[in-house]
Amino acid sequence: TDVLSVVDESRITAAYELIDTLAEKGYALRRVRMKFSPVSPTYDNESIAAAQWFFDDGQLMQARKEMIIELAKLSIYAAEKGLVDDLRPKHTWCAMQRHDGRHFTLEPSGKLYTCPTLIGRNPQYEAGHISTGFGGIDTVIKAQYTRSQKCLSCRYLPICADCRVDALSQTGEITRANPKEEEYDSIVPELVKAHYRLSEAQSRASGLSQRRAC
């Protein structure tokens with residue numbers, strides 16, 4: 001069972017409480033793993049206005065960076081409680097860039113979306129309909145989107161999903177480049193160090209238990 005906790009600034013305390021509750025109830029001993037994802041409470045349900053994101057850009061980006069750091073702290077805390085087994089960043093795929101044509105979310109009305117985060121948004125982000133087939137934004141992304149040179153030269157490229165919904169929320173354009181080097185610089189070293197600290201602590205605890213058993 002995967003527990004995906006979508007967090008904004010108002011839910012950070014509740015996320016820690018959720019971790020404590022799951023740990024206290026023994027879920028760390030079962031096949032339960034947690035993952036945290038950010039959500040922006042200012043994401044307009046109908047459309048994205050680019051001017052909204054570029055107004056006072058520095059403040060918006062700083063707020064986002066602080067949120068990313070908070071999510072990293074939540075992940076480390078969940079790992080300490082046994083609900084995250086590996087803090088090292090893994091490579092993930094952005095569903096909107098997959099070319100296998102098999103990753104779709106079906107809404108009850110029959111509308112298709114490449115990414116579930118787009119459900120209920122502007123109709124231009126639909127990926128087709130169950131009765132008419134695929135198309136819409138899925139076709140646009142696959143035909144028009146290419147990674148920028150800055151993106152291709154980034155040292156974090158092997159682990160970055162280059163999420164198109166994230167680009168939409170940050171820039172107002174779903175095909176726009178959305179470099180995350182600064183964000184990864186803020187969290188990846190800490191996550192890797194925390195992973196090995198926890199691994200060493202677990203190894204020492206395991207060795208101590210074995211000696212006691214002897």
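Scoring rules and cut-offs
- Residues numbered from 1 in each chain as written.
- Predicted model: local features only at pLDDT ≥ 70, side-chain atom pairs only at ≥ 80, totals over all residues.
- Heavy atoms only, no water.
- Helix = DSSP H or I, 4+ residues; strand = E, 2+ residues; numbered from the N terminus.
- Buried < 20%, exposed > 50% of the residue type's maximum accessible area, 1.4 Å probe, protein only.
- Contact = heavy atoms within 4.5 Å.
- Areas by Shrake-Rupley, 256 points an atom, 1.4 Å probe, with all protein chains shown as cover.
- Core = buried A, V, L, I, M, F, W, Y, C linked by side-chain atoms within 4.5 Å.
- Salt bridge = Lys/Arg side-chain N within 4 Å of Asp/Glu carboxyl O.
- Pairing = 2+ DSSP bridges.
- pLDDT = per-residue confidence, 0-100.
- Arc of directions from axis to C-beta.
- Phe/Tyr/Trp six-rings, centres within 6.5 Å; stacked < 30°, edge-to-face > 60°.

### A look at the overall build of the protein chain
Here's step 1: Counting its secondary structure elements, the protein chain contains 7 helices and 6 strands.
Here's step 2: The order of helices and strands in the protein chain, counted from the N terminus, is β-α-β-α-α-β-β-β-β-α-α-α-α.
Here's step 3: Looking at the protein chain residue by residue over its 214 residues, the buried ones come to 36%.
Here's step 4: Intrachain contacts of the protein chain at a sequence separation of at least 6 include 64% that bridge at least 24 residues.
Here's step 5: By element, 54% of the accessible surface of the protein chain is carried by carbon and sulfur atoms, the whole surface being about 12900 Å².

### Quick look at unusual backbone geometry
When glycine is set aside, most residues are seen to have a negative phi, and most peptide bonds are trans.
Here's step 1: In this structure, Asp 162 takes a positive phi of about 50° despite not being glycine.
Here's step 2: Locating Asp 162 in the fold gives a position in the loop between helix H5 (149-152) and helix H6 (164-171).

### Brief notes about the nonpolar core
Here's step 1: If you look at the biggest cluster of nonpolar residues, it comprises 29 residues, and the most contacted ones within it are Val 7, Met 34, Phe 36 and Leu 87.
Here's step 2: Contributions of two or more residues to this core are made by helix H1 (12-24), strand E2 (33-38), helix H3 (57-80) and helix H7 (181-213).
Here's step 3: For this core, the leading source of residues is H3, giving 8 residues.
Here's step 4: When residues no more than four places from it in sequence are discounted, the contact partners of Met 34 are Val 3, Leu 18, Ile 19, Leu 22, Ala 78, Leu 83 and Val 84.
Here's step 5: Membership of the second largest hydrophobic core comes to 13 residues, among which are Cys 94, Tyr 125, Ile 141 and Tyr 145.

### A word on H6
Here's step 1: Counting buried residues along H6, 8 of its 8 residues qualify, which places the element largely inside the surrounding structure.
Here's step 2: Buried residues of H6: Arg 164, Val 165, Asp 166, Ala 167, Leu 168, Ser 169, Gln 170 and Thr 171, and no others.

### So, the pattern of salt bridges
Here's step 1: For the structure shown, the criterion picks out 9 salt bridges.
Here's step 2: One salt bridge in this structure joins Arg 88 and Asp 86, with 2.9 Å as the shortest N-O distance.
Here's step 3: The partner of Glu 181 in a salt bridge is Arg 155, with the nearest N and O atoms 2.8 Å apart. Placement of Glu 181 in helix H7 and of Arg 155 in the loop between H5 and H6 is noted, with a sequence separation of 26 residues between them.
Here's step 4: Arg 155 gets classed as exposed once you look at its relative accessible area, which sits at 52%.
Here's step 5: It is possible to trace a salt-bridge network through shared partners that takes in Arg 147, Asp 162 and Arg 164.

### Notes on the sheet that holds strand E4 (residues 111-113)
Here's step 1: Strand order across the open sheet formed by 4 strands is E3-E4-E5-E6, with antiparallel pairing between neighbours. Unpaired on one side and paired on the other, strand E3 (105-106) and strand E6 (133-134) mark the two borders of the sheet.
Here's step 2: As defined by bridge partners, E4 adjoins strand E5 (residues 128-129) across 2 bridges and the pair is classed as antiparallel. What sits directly across from Lys 111, in E5, is His 129.

### Concerning the confidence of the model for the protein chain
Here's step 1: Confidence in the prediction for the protein chain averages 79 pLDDT; 83% of positions are at 70 or higher.
Here's step 2: Within the protein chain, the lowest mean pLDDT, 41, falls on helix H2 (residues 50-54), and the highest, 93, falls on H1.
Here's step 3: Across residues 41-56, confidence stays below pLDDT 50; counting only partners more than four residues off in sequence or on other chains, it has 31 contacts.

### Focus on the environment of Leu 22
Here's step 1: In this fold, Leu 22 is placed in helix H1.
Here's step 2: Once residues within four sequence positions are removed from consideration, Leu 22 is found in contact with Val 3, Tyr 27, Ala 28, Met 34 and Leu 83.

### A closer look at helix H4 (residues 136-144)
Here's step 1: All of the buried residues in H4 are Ile 137, Asp 138 and Ile 141. The buried side chains of H4 occupy one side of the element, clustering within an arc of 105° when seen end-on. For H4, exposure combined with an orientation more than 90 degrees from the buried face picks out Ala 143 and Gln 144.
Here's step 2: Looking at the buried residues of H4, the elements they touch are H6.

### Regarding the packing of aromatic side chains
Here's step 1: Summed over the entire model, instances satisfying the criterion amount to 3 aromatic pairs.
Here's step 2: Aromatic side chains Tyr 16 and Tyr 77 sit 5.2 Å apart centroid to centroid with 65° between the ring planes, which places their arrangement in the edge-to-face category. Residue Tyr 16 is located in helix H1, and its partner Tyr 77 is located in helix H3; the two are separated by 61 residues in the primary sequence.
Here's step 3: Seen from their ring centres, Phe 104 and Phe 134 are 4.1 Å apart, and the 5° between their planes marks the pair as stacked. Linking Phe 104 in the loop between H3 and E3 with Phe 134 in strand E6, this pair joins segments that are 30 residues apart in sequence.
Here's step 4: Residue Phe 104 is classed as partly exposed on the basis of its relative accessible area of 22%.

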